[in-house]
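Next come the chains, spelled out residue by residue.
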Amino acid sequence: DLITAFTAAKRDEMGINSIQDMTNFTPGLTYSTSTDRITLRGVGRTTNVLSADAPVANYDDGLYETFAVAAGRSSLELAQVVVDRGPQGTLGGRNALAGSLEETTQRPTSSPHAEFRWTVGNYGHLTAEAAVSGPINDVWQYRIYGNWDYQGQGWINNVVPGRASEGNNVNEWYVDAQVQAHFNDHLDMWTKFQSAGWYNPSGGPGDQAAGWVKLGGYPSYMWSVASTVPN
């Protein structure tokens, strides 16, 4: 097995902001942004069906998941991303043929900490993210992270009267809340709540010509919970 690890500090230093950037520094790693499929040494999934067994296992804080795109989250959110090349029946706890991609989030801190980042890009692209963490009392600690990603202009200007620009019109948010406790030398507890929502005005380039329609004007949401009680 060969391992490549990207810490938050190293990602900021090297300018790694996505999985696509990680492929430049990880031998044997390739990623398709259009299908969210990752391959290691040429072996990867050929379908996005969730019930299909993926040759590359993806873990978010030790919890198995089928999507790889989450590994490209901000360094303010992720403490480390580890790429393991080779069968992971032992290290990952799952018989993944090609390897695994493991994400570890930043954890609550014992002292108060807060950080805010604001990024402005082309096509009216704005990204705002913030993290706050610290102690609640002598036993409990917390951390809250939030991200809002917005792009008001598409990459392609639609010359048809009354039609908006197309391609990467984005309006998405993501929240991660954690609590952890140290009760004694034999009992610790950690729980994470995740939620995300997206209200994207359009799909990719040409979506309006293809008849892409936003369902009733309603946003989409997802949420998940992870928890451990180590002994």
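Scroll up a little and you will see the structure.
Overview of the structure. (Residues numbered from 1 in each chain as written. Predicted model: local features only at pLDDT ≥ 70, side-chain atom pairs only at ≥ 80, totals over all residues. Heavy atoms only, no water.)

**Examining the nonpolar core**
Alright, step 1. Ile38 and Leu101 are the most contacted members of the largest nonpolar core, which totals 16 residues.
Alright, step 2. Of all the secondary-structure elements, those providing two or more residues to this core are helix 2 (19-22), strand 2 (29-32), strand 3 (37-40) and strand 7 (78-85).
Alright, step 3. In terms of residue count, the dominant contributor to this core is strand 7 (3 residues).
Alright, step 4. When neighbours within four sequence positions are excluded, Leu101 is seen to be in contact with Ile38, Val56, Ala57, Asn58, Tyr59, Ala68, Ala71, Val81, Val82 and Val83.
Alright, step 5. By size, the runner-up hydrophobic cluster in this structure holds 5 residues, among which are Leu76, Ala131, Tyr145 and Ala196. (Core = buried A, V, L, I, M, F, W, Y, C linked by side-chain atoms within 4.5 Å. Buried < 20%, exposed > 50% of the residue type's maximum accessible area, 1.4 Å probe, protein only. Helix = DSSP H or I, 4+ residues; strand = E, 2+ residues; numbered from the N terminus. Contact = heavy atoms within 4.5 Å.)

**Some details on the sheet that holds strand 3**
Alright, step 1. With respect to topology, 3 strands assemble into an open sheet ordered 2-3-4, the strand pairing being antiparallel. Two strands bound the open sheet, and with one partner strand each, they are strand 2 and strand 4 (43-44).
Alright, step 2. Relative to strand 3, strand 2 is paired through 4 bridges, and the arrangement is antiparallel. Within the sheet, the bridge partner assigned to Tyr31 lies in strand 3 and is Ile38. (Pairing = 2+ DSSP bridges.)

**As for the side chain of Asp36**
Alright, step 1. Within the fold, Asp36 resides in the loop between strand 2 and strand 3.
Alright, step 2. Here Asp36 falls in the buried class, since its relative accessible area comes to 15%.
Alright, step 3. Of note is the side chain of Asp36, whose polar atom sits 2.7 Å from the side chain of Tyr31.
Alright, step 4. Here the side chain of Asp36 touches Val69 through a polar contact of 3.0 Å, landing on its backbone nitrogen.
Alright, step 5. If we ignore the near neighbours within four places in the chain, the residues touching Asp36 are Tyr31, Phe67, Ala68 and Val69. (Polar contact = N/O pair within 3.5 Å; in protein donor to acceptor, adjacent residues only side chain to side chain.)

**Some words on the sheet that holds strand 6 (residues 63-65)**
Alright, step 1. Spatial ordering of the open sheet is given by 1-7-8-5-6, a layout of 5 strands whose pairing is mixed. Taken across any chain shown, the strands that pair with only one partner, and hence form the sheet edges, are strand 1 (2-7) and strand 6. Ignoring strand direction, the axes of neighbouring strands in this sheet form an average angle of 20°.
Alright, step 2. With 3 bridges connecting them, strand 5 (residues 56-60) and strand 6 associate as antiparallel partners. Bridge assignment links Asp60 to a residue of strand 6, and that residue is Leu63. (Axes fitted to C-alpha atoms, helices over the stretch in contact; angles between N-to-C directions.)

**What about unusual backbone geometry?**
Alright, step 1. Phi is positive for Arg41, close to 55°, though the residue is something other than glycine.
Alright, step 2. Considering the arrangement of structural elements, one finds Arg41 in the loop between strand 3 and strand 4.
Alright, step 3. Judged by its relative accessible area of 47%, Arg41 is partly exposed.
Alright, step 4. The phi angle at Asp61 is positive, at roughly 55°, despite the residue not being glycine.

**Structural notes on the packing of aromatic side chains**
Alright, step 1. The tally for this structure, following the rule as stated, stands at 5 aromatic pairs.
Alright, step 2. On the basis of an interplanar angle of 25° and a centroid distance of 6.5 Å, the ring pair of Phe116 and Trp118 is categorised as stacked.
Alright, step 3. The exposure class of Trp118 is partly exposed, given its relative accessible area of 46%.
Alright, step 4. Measuring from ring centre to ring centre gives 5.8 Å for Trp140 and Phe183, while their planes differ by 90°; the resulting arrangement is edge-to-face. Of the two residues, Trp140 is situated in strand 11 (residues 140-151) and Phe183 in strand 12 (residues 170-184); the sequence distance between them amounts to 43 residues. (Phe/Tyr/Trp six-rings, centres within 6.5 Å; stacked < 30°, edge-to-face > 60°.)

**With respect to the pattern of salt bridges**
Alright, step 1. On inspection of all chains with the given rule, the structure shows 10 salt bridges.
Alright, step 2. Lys192 is paired through a salt bridge with Asp61; the nearest N and O atoms lie 2.6 Å apart. One end of the pair, Lys192, is in strand 13 (residues 187-198); the other, Asp61, is in the loop between strand 5 and strand 6, and 131 residues separate them in sequence.
Alright, step 3. Using a relative accessible area of 1% as the deciding quantity, one classes Lys192 as buried.
Alright, step 4. Each of Asp60, Asp61, Arg73, Glu77, Glu103, Arg107, Arg143 and Lys192 takes part in a single network of salt bridges with overlapping partners. (Salt bridge = Lys/Arg side-chain N within 4 Å of Asp/Glu carboxyl O.)

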